[in-house]
Amino acid sequence: MFDILNRVRRNGILSEALPELEQPDAAVEKLQRQLQAVFGRALRIRHVDAGSCNGCELEIHALSNPYYNLEGSGMAFVASPRHADVLLVTGPVAVNMEDALRRTYDAMPEPKWVMAVGDCGACGGVFGESYATRGPISAVIPVDIVVNGCPPTPQVLLRGLLQITLQRQP
Amino acid sequence: MTLDLLLQEGCQLPANVPARQVPVDAAQWIANAQRLHDQGGCLLALWGADDRDRDGVFRVFAAFLLPDQLVVLEHTLAGANPVYPALDPWFPVANRLQRALYDLLGLKADGGDARPWLRHGGWPEYLFPLRREVGATQSYANHPRPYPFVPVQGDGVHEIAVGPVHAGTIEPGHFRFSVVGEKVLRLEARLGYTHKGIAKRFEKLSLQEGHRLAARICGDSTVAFSWAYCAALEAVTEIELPRRAASLRALALERERLANHLGDLGALGNDAGLAFGLMQFASLKERLVRLNQEVFQQRYLFDYVVPGGVAVDPGVRAVRALLDEAAMLELAVPALRAIYENHAGVQDRFRDAGVLSPELARAHGALGLVGRASGVAQDLRVDLPWPPYDRLRPNRALASAGDVAARVQLRFDEVMESLRLCRSLLETLPPGSSQLALPAAESGRLGIGLIEGWRGPVMIALETAADNRVRRCHAHDPSWQNWPLVEYAIIGNIVPDFPLINKSFNLAYSGADG
Ligand code: SF4
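This is a predicted model, so every value here is computed, not measured.

Colleague: What am I meant to see in the sheet that holds strand 4 (residues 57-65) of chain B here?
Modeller: All names here are of chain B. Reading across from one edge, 1-2-5-4-3 is the order of the five strands in this open sheet, with mixed pairing throughout. Of all the strands in the sheet, just strand 1 (11-12) and strand 3 (42-51) have a single pairing partner and so form its edges. Bridging between strand 1 and strand 2 (residues 19-24) involves two bridges; their strand directions are antiparallel. Its bridge partner being in strand 2, Cys11 is matched across the sheet by Gln21. Most of the contacts of helix 2 (residues 26-38) go to strand 5 (residues 70-78), to which it runs at about 155 degrees, and overall it touches strand 2, strand 3, strand 4 and strand 5. Packing against the sheet, helix 4 (residues 94-105) makes contact with strand 3 and strand 4, and its axis sits at approximately 10 degrees to strand 3.

Colleague: Just to check I follow, could you spell out empty space enclosed by the protein for this structure?
Modeller: Taking a probe equal in size to a water molecule and rolling it over the atoms shows the remaining empty space. In the structure shown here, the tally under the stated rule is seven cavities of 30 Å³ or more. Quantified by volume, the largest cavity comes out at close to 290 Å³. Elements with a contribution of two residues or more to the lining of the largest cavity: strand 3, helix 4, helix 5 (198-202), strand 15 (469-476) and helix 19 (510-513) of chain B. Taken domain by domain, the lining of the largest cavity gets at least three of its residues from each of domain 1 (3-109) and domain 2 (198-513) of chain B. Estimated volume of the second largest cavity: approximately 90 Å³. Lining the second largest cavity are 14 residues, and of these Cys53, Cys56, Cys120, Cys150 and Pro151 of chain A lie nearest its centre. When residues of the lining of the second largest cavity are traced back to their parent elements, those giving at least two are helix 4 (55-62) and helix 6 (118-123) of chain A. At three residues, the largest contribution of residues to the lining of the second largest cavity is made by helix 6 of chain A. In terms of residue class, the lining of the second largest cavity is made up of seven nonpolar, five polar and two charged.

Colleague: I keep staring at the site of the ligand and nothing clicks. Help me out?
Modeller: With respect to spatial proximity, the complete set of residues near the ligand consists of Ser52, Cys53, Gly55, Cys56, Gly118, Asp119, Cys120, Phe127, Gly149, Cys150 and Pro151 of chain A together with Arg216 of chain B. More than one chain approaches the ligand, the contributing ones being chains A and B. Breaking the shell around the ligand down by element, the ones donating at least two residues are helix 4 and helix 6 of chain A. Element by element, the count of residues in the shell around the ligand is highest for helix 6 of chain A, at three residues.

Analysis parameters
Sequence order sets the numbering: in each chain, residues are counted from 1 along the sequence as written. In the order they appear in the text, chains get letters beginning with A and ligands get numbers beginning with 1. For a predicted model such as this one, the threshold for reporting local features is a pLDDT of at least 70, and the threshold for listing and counting side-chain atom pairs is 80 or more; totals across whole chains, interfaces and linings nevertheless cover every residue. Each side-chain value is worked out from all heavy atoms of the structure, with water and hydrogens disregarded. Two strands make a pair as long as DSSP finds a minimum of two bridges between them. For the purposes of this entry, the term helix denotes a DSSP run of H or I that reaches at least four residues, the term strand denotes a run of E that reaches at least two, and both are numbered from the N terminus. Contacts: residue pairs with any heavy atoms within 4.5 Å of one another. For helices, the axis comes from a line fit to the C-alpha atoms of the stretch in contact; other axes are also lines fit to C-alpha atoms, and the angle between any two N-to-C directions lies between 0 and 180 degrees. Of the grid points, spaced at 1 Å and generated over the protein atoms alone, those admitting a 1.4 Å probe that cannot get out make up cavities, while open sets with protein on both sides within 12 Å along at least five of seven lines make up pockets; any residue with an atom within 4 Å of a point is treated as lining. Grid points are joined across faces, edges and corners, and a volume is the space filled by probe spheres set on the points. Note that the domain bounds were set by an automatic or database domain assignment. Charged means Asp, Glu, Lys or Arg here, nonpolar means Ala, Val, Leu, Ile, Met, Phe, Trp, Tyr, Cys or Pro, and polar covers whatever is left, Gly included. Proximity criterion: a residue is near a molecule or strand once any of its heavy atoms comes within 4 Å of it.

Quick look at the structure:
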């Protein structure tokens, strides 16, 4: 226990401990403040992998690390689409996932937003459309925002999440 | 024909490791598979090609990994009713490989499980997408069908169905547990949800573009797959990679191993109830990928390996930064390891959970990290070292308990060894160029790239067509071999331990689904 506490104490708040990364960190912090202003502390996110290469998932995972601290800004991933406000969808919609994707979307309560993640989600990426893929997410369910990149960085993902809500402000 | 004779008969196959290609008929296909099995060989990959446009036949290929080389059997099948002898009686992994081969190309094994594997209903039953007459961008109505899982009967047995969409941010797959109370009697996985038609897609690409698709077969193994692709292409074009480029590729491969191992060590701590571990390791991983961005201009090294070399050559300052980072990790990782090892709660969850016995691992041809945690001493960087591993001389990590604790221990050991390799690569980085222009490739040649990625051996078999195009490209991920072993490792464990056990294997969905 002492070792653990000692390590936590020594590491401190990580985003301040890396001077050479000040620039991007400041940007992240600002984004997080904006997000908090918009969502209060309420945004719940559900992710569906609709046939991604798993690269986009690496960056979605990174959102939860101490540097991006997604939960600190009030957002969290939830285990069920029934609890979610936003659906993050990755991949070029493998036909084998088409049905599951539709059903996940249908299970979400209104109002709901969908974010198509990565070049695959945007247009099918390197995989395109084929016997096994449908291409863009919007070919299968309505999409509110597209975030490009292969994979998109955590900053770009955070920016996308913010934009989604700004679009829908009354 | 004895094995020695067989190996004399075949011809050398262009590859980054010693490899032979042997044409066989149906009887020899079986006899040799049996002999290769008896000699301790394991079936690595099985794939086919539609060559009816060229010489009126289909071909089926089986790649076997022997201690000192790779052997590829090639068997020709008549175009009308292509059937080949099944390999699953000797190599259990063949079961799913045969089903996938049928779904994509319509080549039928004369035995084994006949349920579809990759085709869930997204294309018609008697349409085989890898056949040449099927258009590359043609799509079909989707009729998903229920899958006939093997039922378990008995007093109090019930089923739990999980997936394809899981509770966390992970790839999709379906797991069917048969349980009594909370104890697992049987687990059957159904995969293929992320099948993207990658093999068909390759056939639309030029040889110079293919590495970008290879890099996206499995995102967490992007360096391994793109290196395997480039190695196959470079073997076919018979160029020798500049020594500096080889060293930089190995540096990238070891950094990929580090990033994945660090991520897994954190997630495993978390699954055992120690969120502290997740935060610590996730921070270390983030620092590593940020340095990747700084030095290689890509956080996960996508498209870093390119035909003929690497995309970015780090300067002297970058080398310094990489060495400093290694020094930081050399201190941080052992400190965290000590915390894990002294934490009674964590050890209680790790030990004896999800045991894969060495006998079972050997019998099923377990590959890579999972195999090494169950006493299978196989690491291609040690056994068939290609440049620069021939001069680096990596040490093989090995454990024998085969439980979650062993797979954790192996990751810790491999992190330290990778750090040593990175250090050695950086300190002895050869001067010179890191990029070479590739000459045009001859048409109709087969080449193999075989790379020990962080999960285990990944393979690319690349066949060239005229005008520098890809004729056929088959990718293989070690998860094919290791997925069925998760089903064994979970038997007798409790359902709530599945996430931990599954994470300790951390197998690829996309990599294996193609
Ligand atoms: S966008 Fe790129 S990283 Fe994301 S799933 Fe597609 S290929 Fe993978």
